[in-house]
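Residue strings, one per chain:
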Amino acid sequence: MVFRHQQRELVVQAEVGAAIVADYVASHPKSAEHHARATRRFPSGVTHDGRHLDPFQLCVTHAHGPHKWDADGHRYIDLVTGHGSLILGHGHPEVTRAVSDQLVKGTHLGGSHELELEWAERVCAIVPGAEQVRFVSSGSEAIMLAVRLARTFTGRVKLVQFRGHFHGWSDTAVGAAGETGVPAVLSGTGEVIECGDEEAVVRSLADELAAALIIETSHPNFNSLPDPGAFLRFVRDETERRGTLLIVDEVVSGFRWAPGGAQEKHGVHGDLTTLAKILAGGLPGGAITGRADVISVLSFDPSERGGRPKVKHPGTYNANPLSSSAGIACLNLVADPAIQRRATEAASGIRAGMNAALRHAGIPGCVYGEASMFRIVLGGDEVPPADDMRAPLPGAPIEREGMPGDVAQALLLSMLMEGVALFGGRGITSIAHGAGEVREIVSAFEVTLDRLGLA
């Protein structure tokens, strides 16, 4: 295994990599058996691309607090945290109680209900610029609907987005990027530019044909921009000047950067905001919120739409009562900024501890991130300072692919054998991750660096 970056190579010897794989296979026979069954029913044996792991992924049986357990009885400190949806940790009593209470009242009421209104009121009380809300079932759906509203409201077609920013898997979100299976004709409905490039933003909006510009406020590498707030404010000013709607994608950062997300932190808000993950307290759920005049193109009343055609939007599980109950309980808690501070303290301790380990070992790379998230990068030109880092080192590779697959595999498998479940080369903390978990995670990283024998 060789990781080449400029003048420095990090090498994991082939026999070391093979030994790590062999140890993992030997200690996880039931997960291996589950994977063998799963490959007969699911492509590659998984139901989400991000869960794929060679030689096989874990079969998780249950979770509580900061931990989860696999079919072989191993306990892990969970840094996937429901793909970022569980800022309160697994099984928070107030969330589980709310869902349990609703479960006996009905899982699908087939009509309007009090919970959906209460959930929307919580959103509008917390999220900057939130006037009206429409619930959906996922972040991908929220993006699809937000873009459709923007095109209907402005009468324009073009969607401007930033390279590497993830807005779900729909044709709407990836059309301009030329993803597999997306008709080539959709490439003309959007433009992809580099994030942080102010001149590119000006050029892309100069023709005044853009219905919307969309930005992921967590950024693809957890805020690798030197000052993401300044760039967000620039984008806000430029879109207003050109009559383009600004869609702020807070699916990841919403309720995590601050109670009101990255927009609250940076003192700016978009015309539309897309939400999911923490919004529904760990259950399926998403939403768009923002300006009432834009969202009103969903209205059945022509006068509310301002002469624009109505956007149709059904959805069997929109504002499902179970998701609503979990969302209300969760938002009641995350409205307190102490929640974000606690989760951030855990991630900050992990970032500083891992960077100290890299520095002590003399291994180039860095561990950086924003709020309660971190990203591990091995390789580059220099070792990191032994402290918390928000942005990556200038010489560190931060491509969307992250580390090469074989290096990442060795890291992930070794951390699993030390009782830590990473989310790829990343991690997301919750309020359930305390000082003890931070120490265990850093210790597991130190053991892993030694096991990998990087030289």
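Before reading on, note that the structure itself is shown above.
This section reports on the structure supplied with the text. (Residues numbered from 1 in each chain as written. Predicted model: local features only at pLDDT ≥ 70, side-chain atom pairs only at ≥ 80, totals over all residues. Heavy atoms only, no water.)

1. A look at the sheet that holds strand β5 (residues 75-78)
Strand order in the open sheet formed by four strands is β3-β4-β5-β15, with mixed pairing between adjacent strands. Strands with a single pairing partner mark the edges of an open sheet, and in this sheet they are β3 (60-64) and β15 (420-421). Sheet topology note: the β3/strand β4 (residues 67-70) ladder contains four bridges and is antiparallel. Following the sheet pairing, A63 is matched in β4 by K68. (Pairing = 2+ DSSP bridges. Helix = DSSP H or I, 4+ residues; strand = E, 2+ residues; numbered from the N terminus.)

2. Things to note about the pattern of salt bridges
This structure, assessed with the given rule, holds 17 salt bridges. R122 is the salt-bridge partner of E118, the closest N and O atoms lying 2.9 Å from each other. In this pair, E118 and R122 both sit in helix α5 (residues 114-126), four residues apart, roughly one turn of the helix. Under the relative-accessibility criterion, E118 is labelled partly exposed at 24%. Take R122: its relative accessible area is 23%, and that puts it in the partly exposed class. (Salt bridge = Lys/Arg side-chain N within 4 Å of Asp/Glu carboxyl O. Buried < 20%, exposed > 50% of the residue type's maximum accessible area, 1.4 Å probe, protein only.)

3. Looking at the pairing of strand β9 (residues 210-216)
Judged by how many residues are buried, β9 sits mostly within the fold: seven of seven residues are covered. Bridging between strand β7 (residues 158-162) and β9 involves three bridges; their strand directions are parallel. Note on β9: the bridge partner recorded for K158 is A210. In terms of strand pairing, β9 meets strand β10 (residues 245-249) through five bridges, oriented parallel.

4. Observations regarding the environment of A184
Along the chain, A184 turns up in the loop between α7 (171-174) and β8 (190-193). Along the chain, A184 and L159 lie 25 residues apart, while their C-alpha atoms are 15 Å from each other.

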